[in-house]
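Each chain is listed here by its residues.
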Amino acid sequence: MYIKANRESFLAGNYRAMGLFIGLCYDLKADYLKAGFSASEVMEFDDEETIIGLETALLQLGHQVERVGNGRELVRRLTKGDRWDLVFNIAEGLKGRSREAQVPAVCELFTQPYTFSDPLTCALTLDKALAKRVVRDRGLPTAPFEVVNTTAEAASVSLPMPLFLKPMAEGSSKGVTGRSLVKEREELVNAYQALHELFQQPILVETFLPGREVTVGIIGNGSNSRVVGVMEVIFTGQVEAFAYTTLNKDEYLERVSYRLLIDPEPLAAQARQLALDAYHTLGCRDAARVDLRCDVSGVLQFMELNPLPGLHHVRSDLPIMGRLGGMTYTEIIAQIVESAWQRYKC
C-alpha cells in the first residue's frame, strides 16, 4: 500500500510532500573484507560512512530509506516480490568488465525504477577503450591509444613516448601508480607485464597528457543536464604529480588541492562543453563525472567518464565541487533523485 500510494502521489506531482520509499543498493567494503577478499579487490567499494551519509541525506529530504545491499541481495528481494519507489544504486559489482551494469540490468528485468545510467552505458564506460572509441567517433578529442593484450603487442606499440598505462576496465584509479607513466621504450614491456599480472585484463596504453587536469560533475537528463562544477585537480607535492593516482586520491589532503574554474577563464567553458558532449554521447542519466586533461598544446582531451560518481559526503569529487560552488551534499542527492524520477514520470 505504501509503495502504490507513494507512486500515485508522485505522479500527481506531490512526491516532495510525501517522500519516496527508496532502496539503497551498494557494495559495502567491510562485507567483502570479512568474506576474505583483499583490500585491492574491494578498493572501489563504499565504506559505512558513505552509506550513512547517503542514507542521512535521503532521510533529510523526507524519503523512507531501506538498505538493500549488493546485487545478489537485490535479486533475492526482487524475486521475493519486494519493490521500492526507487532504487538508489551505487553498487559497483564484483567481477567482469560489465559489473557496473549488473544492478541496472536486474532492475530493468524486474521493472524496478533506479537511479543513474542504464546497463549499456554502465558497461560501455567501464571499458575505457570502448568509451574512447565512441567519443572519438563522435568527433570529440581524446588521446591516441592502443589496447595491449600480450607482451608482443606491448613491444610493438607504435605511439610516441611518453606513454601512460592503466587497466582497461577498473575504477577509482586502480592500477594508476608511479609506474603508469613510461618515458622510455625499454620500460614499456615491464610496465605492461606488471599491470597485466596484477589485473588479468587488457591494458590501455595512451599518449601521455602533461597538461592541466579537470573533473566535471554533471546532473540531469537531456536538455536539463547541467554542470555542477569544473574542478581543477592541482598536485601539491612532487610524488606522483603526473596523475590523479590511487595514492593521491587516498592522501588528497596532503597531495591535492582543488579549485573551481569559472568564466571568463577559457578552459572552464571548454571543459563544460566537452564534458556535456561526452555525457550525452555515452548516454548518461541523472549524474556522472567526466575526467579531462590538456595535451602538450593545452587542448582538453577526454580521459574517462564515471556514470556512478563517488558519493562520499566529504572526500568524493562531486560533493567537493558542489561544496566549493555553494551546493550542499543534500542538494546534490535531491537533484539526482529528482532527475531519476522525472524519467519515470514521463
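Criteria and cut-off values
- Residue positions are given per chain, counting from 1 as you read along its sequence in written order.
- The model is predicted, so local features are restricted to residues of pLDDT at least 70 and side-chain atom pairs to those at 80 or more, both for listing and for counting; the totals for chains, interfaces and linings are taken over all residues.
- Where side-chain values are given, they derive from all heavy atoms of the structure, hydrogens and water being excluded.
- Note on definitions: salt bridges are taken to be side-chain nitrogens of Lys or Arg within 4 Å of carboxyl oxygens of Asp or Glu.
- The way it works is that DSSP assigns letters per residue, a run of H or I at least four long becomes a helix, a run of E at least two long becomes a strand, and they are numbered from the N terminus.
- A simple rule labels every residue: compare its accessible area, found with a 1.4 Å probe on the protein chains alone, to the largest value its type can have, and call it buried under 20%, exposed over 50%, or partly exposed in between.
- At least two bridges found by DSSP between two strands are what make those strands a pair.
- Each aromatic pair joins two rings of Phe, Tyr and Trp (for Trp, the six-membered one) with centres within 6.5 Å, and gets the label stacked for planes under 30 degrees apart, edge-to-face for over 60, and tilted for any other angle.
- The length a helix should cover is 1.5 Å for every residue beyond the first.
- Working rule for contacts: check all heavy atoms of both residues, and any pair within 4.5 Å makes them a contact.
- Residues belong to a common nonpolar core when they are buried Ala, Val, Leu, Ile, Met, Phe, Trp, Tyr or Cys residues joined through side-chain atoms within 4.5 Å.
- Summarising the geometry, the arc corresponds to the directions from the helix axis toward the C-beta atoms.

## A closer look at the pattern of salt bridges
In total, this model carries 23 salt bridges according to the counting rule given. In this structure, the salt-bridge partner of Glu 49 is Arg 315, at a minimum N-O distance of 3.7 Å. A residue pair is termed long-range when its members are at least 10 positions apart, and Glu 49 in helix α4 (residues 48-60) and Arg 315 in the loop between β12 (300-306) and α14 (317-324) qualify at 266 residues. Relative accessible area serves as the criterion here: at 42%, Glu 49 is assigned to the partly exposed category. Where salt bridges share partners, they join Glu 66, Arg 77, Lys 80 and Asp 82 into one cluster.

## Section: the sheet that holds strand β4 (residues 145-148)
One open sheet holds the 4 strands; their spatial order is β4-β7-β5-β6, and the pairing between them is antiparallel. Single-partner strands in this sheet number two, and they are β4 and β6 (181-182). Where β4 lies against strand β7 (residues 203-207), 4 bridges are found, and the strand directions are antiparallel. Within the sheet, the bridge partner assigned to Glu 146 lies in β7 and is Val 205.

## Side note on the packing of aromatic side chains
Per the counting criterion, the structure on display carries 5 aromatic pairs. Taken together, a centroid distance of 5.5 Å and an interplanar angle of 75° make the contact between Tyr 32 and Phe 37 edge-to-face. By relative accessible area, which is 11% here, Tyr 32 ends up buried. Take Phe 37: its relative accessible area is 24%, and that puts it in the partly exposed class. Measuring from ring centre to ring centre gives 6.1 Å for Phe 164 and Phe 208, while their planes differ by 25°; the resulting arrangement is stacked. Of this pair, Phe 164 sits in strand β5 (residues 163-167) while Phe 208 sits in the loop between β7 and β8 (213-219), placing them 44 residues apart in sequence. Side by side, Phe 164 and Phe 208 carry an identical accessibility label, which is buried. Counting every residue linked through ring pairs, the aromatic cluster contains Tyr 32, Phe 37 and Phe 45.

## What about α4?
For α4, with 13 residues, the first-to-last C-alpha span of 18 Å sits near the 18 Å given by 1.5 Å per residue. At its buried positions, α4 is contacted by β1 (21-25), β2 (64-69), β3 (86-89) and α15 (329-345). Just past α4, the residue Gly 62 takes up positive phi, approximately 95°.

## Comments concerning the environment of Leu 109
Looking at the element boundaries, Leu 109 is found in helix α6 (residues 102-109). For Leu 109, a relative accessible area of 66% translates into the label exposed. Spatially, the C-alpha atoms of Leu 109 and Leu 78 are 9.8 Å apart, while their sequence positions differ by 31 residues.

## Considerations on the nonpolar core
Nonpolar side chains in soluble globular proteins tend to be buried together. Of all hydrophobic cores here, the largest spans 35 residues; its most connected members are Leu 58, Phe 88, Leu 311, Ile 333 and Val 337. For this core, the secondary structure elements donating two or more residues are β1, α4, β3, β9 (226-235), β10 (256-260), α14 and α15. At 7 residues, the largest contribution of residues to this core is made by α15. Contacts of Leu 58, omitting those with residues within four sequence positions, involve Ile 22, Leu 24, His 63, Val 65, Phe 88, Ile 333 and Val 337. Judged by nonpolar contacts, the second largest core, of 27 residues, contains Val 216, Ile 218, Val 230 and Ala 275.

## Here we look at the pairing of β12
Along any regular strand, the residues point their side chains to alternate faces of the sheet. In terms of burial, β12 is largely enclosed, as 6 of its 7 residues are buried. In this sheet, β12 lies alongside strand β11 (residues 287-294) in antiparallel orientation, the contact comprising 6 bridges. In the strand pairing of β12, Arg 293 is matched with Gln 301. Between β11 and the antiparallel strand that follows it, β12, lie 5 residues; Gly 298 among them carries a positive phi value of about 85°.

## Observations regarding helix α10 (residues 185-199)
Every α-helix winds through 3.6 residues per turn, so residues three or four apart in the chain are directed the same way. The terminal C-alpha atoms of α10 lie 22 Å apart, and with 15 residues this matches the ideal 21 Å at 1.5 Å per residue to within 8%. When we look at burial in α10, the residues that qualify are Leu 188, Ala 191, Tyr 192, Leu 195 and Phe 199. With its buried residues spanning 105° around the axis, α10 presents them on a single face. Facing away from the buried side of α10 by over 90 degrees, the exposed positions are Glu 186 and Glu 197. If you follow the buried residues of α10, they end up packed against β4, α9 (151-155), β5, β6 and β7.

Geometry only, nothing functional implied.
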